[in-house]
Amino acid sequence: MDLQRTLRRQISCAGIGLHSGNKVHLSLKPAPADFGIRFRRTDIGDHEIPATVQHLAGIQLATGLARNEVSVETVEHLLAALVSTNIDNVLIELSSPEVPIMDGSAAPFIYLIHEAGVKSLSVPRKYLKIVRPIAISRGDKRIALYPSDHFKVTYSISYDHPLLRHQSRTLRITEETFIEEVAPARTFTFLKDVEMLRQNGLALGGSLENAIVLGETGVLNNALRFEDEFVRHKILDAIGDLALVGYPVIGHLVAHRAGHALHTEFAAKILEETHAWRLVSAPPEGATVPVAMPAKVHTPRLAH
């Protein structure tokens, strides 16, 4: 039987918010079966916000959640790491409104999860299995889910930039493929947009330590982690945003130039299209195979 999972013990770290630039303390805590993934703001009275589409708010270059006028922002990288390591139940405590950006990827969160350890619970996990296609198009942006026997993502991007005319990748997402091929991919931005973002109060914590920055002719960072790191990061974002459905998905996600706004609109549409899916207890093949910590995972600064 495929059982729900949580963390074996609490683990904490510290970092800064990408957009706010503020220092934030993050703790991941074990939670009981059917608790789900919830955020708790410890700086303003321990308000909890479930990581579900019902609490979506403030989608602007990152995914945000809100409940009773309390918000959390930039949740997608952490959510992607949790769902891809099959963590169903966890309490995420934050001392500030924004999840720390760490190195701009999901790899530090994978490290935290492995350090905390994983514990199986006594309640079966349920999956949302796609049985009919679901799709959204907005101009030249589109996203769809098709029936499949496992979770797979095909993503393509194109920008008016010499390095990003077109990138596309298809990956079957298991715990192992996520850790090795998706988690290390960092968020990215264009140098020409940085000043505008900061004038609007965004990217205040951004640097070459936590984002890839593209100049007119190349990357300002020392090196890319993958030749197609940009589209891999978009896959990471899509996995994190799709986590807001509330169940692991069995289906083939296909997206072109989608982005957070369309990802999250699509997550809400999935739940509305009740004829297009059913809840099942059987896991997709290979979904819960434990893997060793890969050498490329970057160690965050742990809080004491």
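**Structural notes on the sheet that holds strand β5 (residues 47-50)**
In spatial order, the strands read β2-β3-β9-β4-β5; together these 5 strands make up an open sheet with mixed pairing. Either end of the sheet is taken by a strand with one partner, and the two such strands are β2 (11-16) and β5. When the angles between neighbouring strand axes are averaged without regard to direction, this sheet yields 25°. The pairing of strand β4 (residues 37-41) with strand β9 (residues 90-94) spans 5 bridges and is parallel. Note on β9: the bridge partner recorded for R38 is L91.

**With respect to the packing of aromatic side chains**
A complete count under the given rule lists 3 aromatic pairs for this structure. Aromatic pair Y159 and F190: ring centres 5.4 Å apart, planes at 55°, arrangement tilted. Here Y159, found in the loop between β14 (152-157) and β15 (167-172), pairs with F190, found in strand β16 (residues 188-190); they are 31 residues apart in sequence, far enough to count as distant. Each member of the aromatic cluster is reached from another via a ring pair, and the members are Y159, F188, F190 and F230. The ring centre of F35 lies 3.7 Å from the NZ or CZ of R38, which sits over that ring. A cation over an aromatic ring shows up here: K192 above the ring of F190, its NZ or CZ 5.4 Å from the ring centre.

**Overview of the side chain of T189**
Tracing the sequence through the fold places T189 in strand β16. Those residues in contact with T189, other than ones at most four positions away along the chain, are V194, L197, I212, V213 and L214.

**Some words on the environment of N86**
Checked against the element boundaries, N86 lands in the loop between α1 (76-84) and β9. Residues N86 and R5 lie 81 residues apart in sequence; the distance between their C-alpha atoms is 6.7 Å.

**Thoughts on the sheet that holds β14**
Taken in spatial order, the 5 strands make up an open sheet running β12-β13-β19-β14-β15, and their pairing is mixed. Two strands close off the open sheet at either side, each with one partner strand: β12 (134-138) and β15. Neighbour-to-neighbour, the strand axes of this sheet turn through a mean angle of 5°, independent of strand direction. One ladder, built from 5 bridges, connects β14 with strand β19 (residues 252-256); its direction is parallel. In the strand pairing of β19, K152 is matched with H252.

**Quick look at the packing of helix α5 (residues 229-242) against helix α6 (residues 259-272)**
Contact geometry for α5 and α6: axes closest at 9 Å, N-to-C directions at 35°. Handedness of the α5/α6 crossing: right-handed. Residues K234, D237, A238, D241 and L242 of α5 touch α6, and the partners they reach there are G259, H260, H263, T264, F266, A267 and I270. Residues of the contact of α5 with α6, tallied by class, amount to 5 nonpolar, 4 polar and 3 charged.

**Some thoughts on the confidence of the model for the protein**
Residues at a pLDDT of 70 or more form 92% of the protein, whose mean pLDDT is 90. Considering only residues more than four positions removed or in separate chains, one finds that residues 286-299, a stretch of pLDDT under 50, has 32 contacts.

**A word on the packing of α1 against helix α2 (residues 107-116)**
Look at α1 against α2: their axes get within 9 Å of each other, and the N-to-C directions meet at 45°. The angle between α1 and α2 falls in the class oblique. The interaxial crossing formed by α1 with α2 has right-handed handedness. Judged by residue contacts, H77, L78, A81 and L82 of α1 engage F109, I110 and I113 from α2. Grouping the constituent residues of the contact of α1 with α2 by class yields 6 nonpolar, 1 polar and no charged.

What counts, and at which threshold
Residues numbered from 1 in each chain as written. Predicted model: local features only at pLDDT ≥ 70, side-chain atom pairs only at ≥ 80, totals over all residues. Heavy atoms only, no water. Pairing = 2+ DSSP bridges. Helix = DSSP H or I, 4+ residues; strand = E, 2+ residues; numbered from the N terminus. Axes fitted to C-alpha atoms, helices over the stretch in contact; angles between N-to-C directions. Phe/Tyr/Trp six-rings, centres within 6.5 Å; stacked < 30°, edge-to-face > 60°. Lys NZ or Arg CZ within 6 Å of the ring centre and 35° of its normal. Contact = heavy atoms within 4.5 Å. Left-handed = near helix turned anticlockwise from the far one by under 90°. Nonpolar A, V, L, I, M, F, W, Y, C, P; charged D, E, K, R; others polar. pLDDT = per-residue confidence, 0-100. Parallel < 35°, antiparallel > 145°, perpendicular 65-115°, else oblique.

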